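# Overview (structure and organization)
Chain residues, written in single-letter form:
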Amino acid sequence: MNQFEKDWNEVKKADCRIDGETDRRMWHKIERATEGRARHRQKIYWAAAVIIPLLGLVFFYRTTRNYTEKADMLVLKTGNEMKTYRLSDGSTVTLEPNSKLVMDRNRFGKNERPVEFEGKAFFSIAKDKTRPFRIDAHGFKVQVLGTQFFLDQKSAEKSVALKEGKVKVERKGKITYLLPGETWVNDISGIEHHYYSPSKIRTFAFDGQDYEEVIRHLEETYHVKIRYPDQYRKEKIQGSFTGNLKEVIAIVSYPFNLKAVNSNDQHIILK
């Protein structure tokens, strides 16, 4: 087992919630403190109004036997809103609705920066080559030193889209490294894909392949759908071309006078 796998096996899975019995004990103590001290009642109620909400900052995690108080666990989560959090290492995480990030205060920032994550979020990780930022996304793991990327753990297709820096994605022992403009996807069938952003410049070489085969190769490379007139399917394409998706499509389609008349990031129509 390599060091990366050992590190991730150490991460504890937390189930955080407020303990109801503790909540009742707190209220009982407050009520007892008020007996025979009517002149201080107003001050004590004010203190209770402050103390009780602060209980939300105390977290508990579930063991195999019961609930044990763990004040060192920090849970960041969103309801129906999107929210940005700044972490102690200077990183920022923008959580989309119904997402959650969990970290152990005692471990985070020591020799590494481990967190657990559920949902969707954009991460902007502060650079630190000595303390890798590790994300347990419950099914796959992401490791970075300092970068910006979008992580989708919630959808049927899990994905990591890299904006800048370098990312290491691990799933079931298979490791994929991403560079800027690249995306890792684990589709609904459990098959992994490595895609490129439409703006990513690539070099393609074709030696007499059919036009339909060339288009299929571009679709698989850039994770897009391209529609074109059926009459050109068997036309041959010859040559080496370098450019982004838009530029390469224009070059291979030029002999047939085909141009993109309607397109977005996912669908392109040629006429």
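None of these values were measured; they are calculated from a predicted model. (Residues numbered from 1 in each chain as written. Predicted model: local features only at pLDDT ≥ 70, side-chain atom pairs only at ≥ 80, totals over all residues. Heavy atoms only, no water.)

## Some remarks on the packing of aromatic side chains
By the definition in use, this model includes eleven aromatic pairs. Residues F140 and W184 carry aromatic rings whose centres are separated by 4.9 Å and whose planes lie at 45° to one another, so their mutual orientation is tilted. Residue F140 is located in the loop between β9 (133-136) and β10 (141-144), and its partner W184 is located in strand β15 (residues 182-186); the two are separated by 44 residues in the primary sequence. Residues F140 and W184 agree in their burial class; the two are buried. (Phe/Tyr/Trp six-rings, centres within 6.5 Å; stacked < 30°, edge-to-face > 60°. Helix = DSSP H or I, 4+ residues; strand = E, 2+ residues; numbered from the N terminus. Buried < 20%, exposed > 50% of the residue type's maximum accessible area, 1.4 Å probe, protein only.)

## Here we look at the side chain of N186
With respect to the helices and strands, the residue N186 is situated in strand β15. The class of N186 is buried, set by a relative accessible area of 9%. Excluding residues within four positions of it along the chain, N186 makes contact with A156, E157, K158, R171, I191 and E192. (Contact = heavy atoms within 4.5 Å.)

## Regarding the environment of D128
Along the chain, D128 falls in the loop between β8 (120-124) and β9. Distance in space between the C-alpha atoms of D128 and D89 is 9.1 Å, their sequence separation being 39 residues. Once you skip the residues sitting within four places of it in the chain, D128 turns out to touch R113 and L145. A distance of 2.6 Å separates a polar atom in the side chain of D128 from a polar atom in the side chain of R131. (Polar contact = N/O pair within 3.5 Å; in protein donor to acceptor, adjacent residues only side chain to side chain.)

## What to know about the pattern of salt bridges
Applying the stated criterion to the full structure yields eleven salt bridges. The salt bridge partner of D210 is K234, with a shortest N-O separation of 3.6 Å. Here D210, found in strand β17 (residues 202-210), pairs with K234, found in the loop between β18 (225-227) and β19 (236-243); they are 24 residues apart in sequence, far enough to count as distant. Residue classification places D210 among the buried positions, given a relative accessible area of 14%. When the shortest N-O distance is used, the salt bridge between D210 and K236 registers 2.4 Å. Of this pair, D210 sits in strand β17 while K236 sits in strand β19, and the two are 26 residues apart along the sequence. Accessibility expressed as a relative area gives 55% for K236, which makes it exposed. (Salt bridge = Lys/Arg side-chain N within 4 Å of Asp/Glu carboxyl O.)

## Some remarks on the packing of helix α4 (residues 211-222) against helix α5 (residues 245-253)
The interhelical angle for the contact between α4 and α5, taken along N-to-C directions, is 180°, at an axis separation of 11 Å. One element, α4, and the other, α5, form an angle in the roughly antiparallel class. For the pair α4 and α5, the contacting residues are Y211, V214, L218 and Y222 in the first and L245, V248, I249, V252 and S253 in the second. Of the residues in the contact of α4 with α5, the class split is eight nonpolar, one polar and no charged. (Axes fitted to C-alpha atoms, helices over the stretch in contact; angles between N-to-C directions. Parallel < 35°, antiparallel > 145°, perpendicular 65-115°, else oblique. Nonpolar A, V, L, I, M, F, W, Y, C, P; charged D, E, K, R; others polar.)

## Quick look at α4
The first and last C-alpha atoms of α4 sit 17 Å apart over twelve residues, in line with the 16 Å expected at 1.5 Å per residue. The complete set of buried residues in α4 reads Y211, E212, V214, I215, L218, E219, T221 and Y222. Positive phi shows up at H223, right after α4, with a value of about 60°. (Expected span 1.5 Å × (residues − 1).)

## Here we look at the nonpolar core
With 27 residues, the main nonpolar core has F123, F149, L151 and V160 as its most contacted residues. In this structure, Y196, L218, Y222 and Y232 belong to the second largest nonpolar core, which totals 21 residues. (Core = buried A, V, L, I, M, F, W, Y, C linked by side-chain atoms within 4.5 Å.)

## Description of the sheet that holds strand β21 (residues 267-270)
With mixed pairing, the three strands of this open sheet are ordered in space as β18-β21-β20. Two strands in the sheet have a free side with no partner beyond their single neighbour: β18 and β20 (260-263). Across the sheet, the axes of successive neighbouring strands diverge by a mean angle of 20°, strand direction being ignored. (Pairing = 2+ DSSP bridges.)

## Let's talk about the sheet that holds β10
The strand order across the open sheet built from seven strands is β3-β6-β7-β9-β10-β13-β14, with neighbouring strands paired in mixed fashion. The strands lining the two open edges of the sheet, one partner per strand, are β3 (73-77) and β14 (174-178). Strand after strand, the sheet turns through a mean of 20° between neighbouring axes, direction not considered.

## Points about the side chain of T78
Along the chain, T78 turns up in the loop between β3 and β4 (83-86). The exposure class assigned to T78 is buried, which follows from its relative accessible area of 9%. A distance of 3.1 Å separates a polar side-chain atom of T78 from the backbone nitrogen of N98. Beyond its immediate chain neighbours, meaning those up to four positions away, T78 contacts K83, L95, E96, P97, N98 and S99.

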